[in-house]
Each structure stands twice: as C-alpha cells, then as structure tokens.
Amino acid sequence: MYSLVLLMVLLIEPAAALVPAGSTWAAGNLADLSIHGAEADSTMTVLPVAALTVQPILVPSRPNRTSLIQVAKNVAERPKITVPSGIFFLFVAIAVIGLIAILYLLIRRSAESPGGQKKPKNPVPGNATVIEKPGVPAPETADRYPGPAVQFPPSLEKRFLYPEFIGEGGIARVFRAQNAKTGMIVAVKVPVRFNEVTGTHFTRDIVFWQGLDHKNIIRVWSSNILPVPYIEMEYAPSSLADIPLPLPEEQAVKILMGIAHGLAYAHEKGIVHRDIKPENILLTADGIPKITDWGLGKAIGDTRQSSMIGFSPTYAAPEQIAPHRYGRPGGTATDIYQLGMLLCEMLTGAPAFQGEGMHDLNTAILEDTPVIPRWNGLHREELEKIILKCLAKKPEDRYASVADLIRDLEPMQTLPG
C-alpha cells in the first residue's frame, strides 16, 4: 500500500508544477492528498486522468560512434591471410642479396674512380720483353683487371696501402706501396693478365728469385699466387733506363761491375737470368745497381724445352733468336752477351745492333759484325775489346764465366778523374 501511495506522489508532483499559481483546485486537492494515520490504510484521493498533463522528457541523441576497442576487436575477428614461411624467407633473402649487391657496386665504383689515380710516368718501357708461347699467341686484351689500366688488385689493398703505379712490362706491372704490417715502402709486382704464359713467368720469378740474397739483386720479401699472383720486393726509386746515356767510363764500369757480381752469385747458385737490359737494372738512392725480374730465368744445365720463348729484341743473344743454330740459351753465355750489350749502350748511348724492324734487327744480330760507336775515354780500346768478346756469335767464343769478365774489368774500375 505504501508503495502505491509513493508512486502516486511521484506522479502528482510534476503535474502540480503545471497548475497555475492561485488555483483553488490545486490548493484544495493538494491538501486532500495528505494522508493521516489509519485513513491511509483504506482511503486515498485519485485525480482524474484527464486533469494530468505529463510532458515527455527529451533525451539528447548521441551519434553512433564505434570505439577504438570495438574497431580493434573487429579487425582481430576478420579472416587472416597466411603466407607459407618458405616463401616469406625467400622474399627476405632476395631483398638482402639485392641490397648487398647495390652496396658492392657503389663501393666498387668508388674504389675504381680515377680521381685518386696518378698519371703513369713511364707505362711502356723502351725495351719490352717479348714473350710468346709457340703456336698460341698470348691474347692482348683478355683476362685483364677490370677498370683502369693501372688499377691495383682490390684483393691486395688490405695488405699494401697507398699503391702507386710506377711501371709496366710485357706481362707485369709494378706498384710502389706501403706494407700494412711493417710500414716499409716496397714494390709490388702483379700480372697484367691471367693466362698460361703469365703463370709460367710468375712461377719462375718466385722459384728462382726467392733463393737469391745479394746486394746487387733486388730482394724478395714475400710472394704468393693467391688471392692473385704477386711478388713483394725491395723498392728502388729508379732504373738504368731512366738515366740519360752515354755515361762516363768510370760510372759505366762501376755499374756493370755491380751487375756482374750479382750475376756471378746467381750463377754459383745454378741460375741464369737471360733478360739483362736497362729496365731490369734498378738503382737505389745511393746509385747501387740491383738486378730484378727473374721470370725468364732458368737453371743452368736444364736442357728441357721451355713452353715459353722470351727475350728483349735489342738485347737478344743469337742463341735466343736461333737456338737451332747456336744451341739453346741455358748457360751463362747468354748473360755474358747481354752484359756486353749493356756496357756498349752505357758507353756509347746506342746498342751494337740496330734495324728498321724485327726482321732486320734479328738478321743483324745473327749475321753482322757488331758496330761499336766511338767515345772519348782513357780506356776505350780495352773496353771495346771486352765488349766484342762478350758479343761473339758463338757462346763458346765469349767469356767462359762472369768471373773472367770481372777480372778484365777490375783494372779499369778506378779511373783517374
């Protein structure tokens, strides 16, 4: 019963607020709604329904917004697309390989930039060694290092710092560099191309050169065939080819005596050089001559036919041009012949044989009598006889040994000024 009364009160209160002030209906009827004692148990006054006017309560509408949590939940409930793990890793591997390739090309292009290269001083020597394999000419353009003609092998850049190109011969080029471990300035010899002829040359260089230790022979510090063939050797700032000729008698004899002592030592070790020429005689800062490049060397008495024919045209001995006529160049006589040719050029400024082309030059070496230009000197006659004896056509008519040549030169080693 109390609940029903309370409900009626709640309904009457908003209606009373709508009755105009001073209305007798409102005053009398609101008083009659009072509940007193026991009458509340059986009697109550009810207003007519038509007398009540209830205004609806307006509730502001909210836009239909979806919360972030609901969005995330909807996304999570969507069906998922799965990719096999093998295909995923394949895509990742391809992307990584592509990135590495791009980085490599950028680094390679930067390393090969010619901006840091210096212009070669003397890229092609005047007396290049002619090397060929019988029946199979060596290719001139194949198997070279990529990029600039004077590029240092990238695989050696960590071992040798600041490489600088200083010269090139028939099959090899030489760089001045700094050994990364010792800090010493050295010369590094590397091949121009990679083929059988070059491999033979470098093998001989390593085999014959490493065992030689003499003050008139360039010392080899290290060598290897991997990662690329190279020879690390003593550095000398110039060569005999860089000196203007002719030279005074005293200087020419002094230089030749040093070369002869180096060859005599090598002959004692059972090795001949067979390519003595100005480009292969290096000079230290003190003017000491040192023999380099033993790639055409050979063991004395080795009668096996070589797969490589090599000589410098101007300095070639008759047996190197026509071995069927004068015998194979396997003894000391070839080195003695080239010593005589070197002495002739140092004293006169010109070789003993000349020709318009290779054929004429070879014919002169094989057939003609040596022509020794005259020079002014105290010992011209004695030195001319020594030269002619060294240049004899037949090997047996030359000096029997380098020691005999040294003995004839010793009286002229110290000449009056």
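Preceding this section is the structure that the text describes.
Reading the values: the criteria
- Residues numbered from 1 in each chain as written.
- Predicted model: local features only at pLDDT ≥ 70, side-chain atom pairs only at ≥ 80, totals over all residues.
- Heavy atoms only, no water.
- Helix = DSSP H or I, 4+ residues; strand = E, 2+ residues; numbered from the N terminus.
- Buried < 20%, exposed > 50% of the residue type's maximum accessible area, 1.4 Å probe, protein only.
- Lys, Arg positive; Asp, Glu negative; His and termini not counted.
- Salt bridge = Lys/Arg side-chain N within 4 Å of Asp/Glu carboxyl O.
- Polar contact = N/O pair within 3.5 Å; in protein donor to acceptor, adjacent residues only side chain to side chain.
- Pairing = 2+ DSSP bridges.
- Axes fitted to C-alpha atoms, helices over the stretch in contact; angles between N-to-C directions.
- Arc of directions from axis to C-beta.

K.L.:
How would you explain the side chain of K393 if you had to name every residue and give the values?
P.N.:
For K393, the position within the fold is in the loop between helix 11 (380-390) and helix 12 (402-409). Buried within the structure, K393 lacks any salt-bridge partner; its nearest side chain of opposite charge belongs to D368, at an N-O separation of 6.6 Å. Engagement of the side chain of K393 in a polar contact is seen with the backbone oxygen of D368, the distance being 2.6 Å.

K.L.:
Before we move on, could you go through the pattern of salt bridges and cite the residues and values that matter?
P.N.:
It is possible for side chains bearing opposite charge to pair when their charged atoms get close. Tallied over the entire structure, the rule returns 8 salt bridges. A salt bridge links D404 to R407, with the shortest nitrogen-to-oxygen separation between them at 2.5 Å. With a gap of 3 residues between them, D404 and R407 both fall in helix 12, about one helical turn apart. Residue D404 is classed as partly exposed on the basis of its relative accessible area, which comes to 22%.

K.L.:
Break down the sheet that holds strand 3 (residues 172-179) for me, with residues and values.
P.N.:
Pairing in this open sheet of 5 strands is antiparallel, and the strands run 2-3-4-6-5 from one edge to the other. Of all strands in the sheet, those bounded by a partner on one side alone are strand 2 (160-168) and strand 5 (220-224). Put simply, the sheet's adjacent strands are angled 25° from each other on average, direction ignored. By the bridge criterion, 7 bridges tie strand 3 to strand 4 (residues 185-191) in an arrangement that is antiparallel.

K.L.:
Quick rundown of the pairing of strand 3? Include the residues and the values.
P.N.:
The element strand 3 is largely enclosed, with a buried count of 6 among its 8 residues. Linkage of strand 2 to strand 3, two consecutive antiparallel strands, is achieved through a turn of 3 residues. Between strand 3 and strand 4, which follow one another and run antiparallel, lie 5 residues, and G183 among them has a positive phi close to 75°.

K.L.:
Account for the sheet that holds strand 10 (residues 289-291), naming residues and giving values.
P.N.:
Spatially, the 3 strands line up as an open sheet ordered 7-9-10, and their pairing is antiparallel. Edge positions in the sheet fall to strand 7 (238-239) and strand 10, since each of these pairs with one other strand and no more. Sheet topology places strand 9 (residues 281-283) next to strand 10; 3 bridges connect them, and they run antiparallel. Bridge pairing links I281 to I291 in strand 10.

K.L.:
So what's going on with helix 12? Which residues, and what values?
P.N.:
The complete set of buried residues in helix 12 reads V402, L405, I406 and L409. Each buried residue of helix 12 lies within a common arc of 100° when the element is viewed along its axis, so the set occupies one face.

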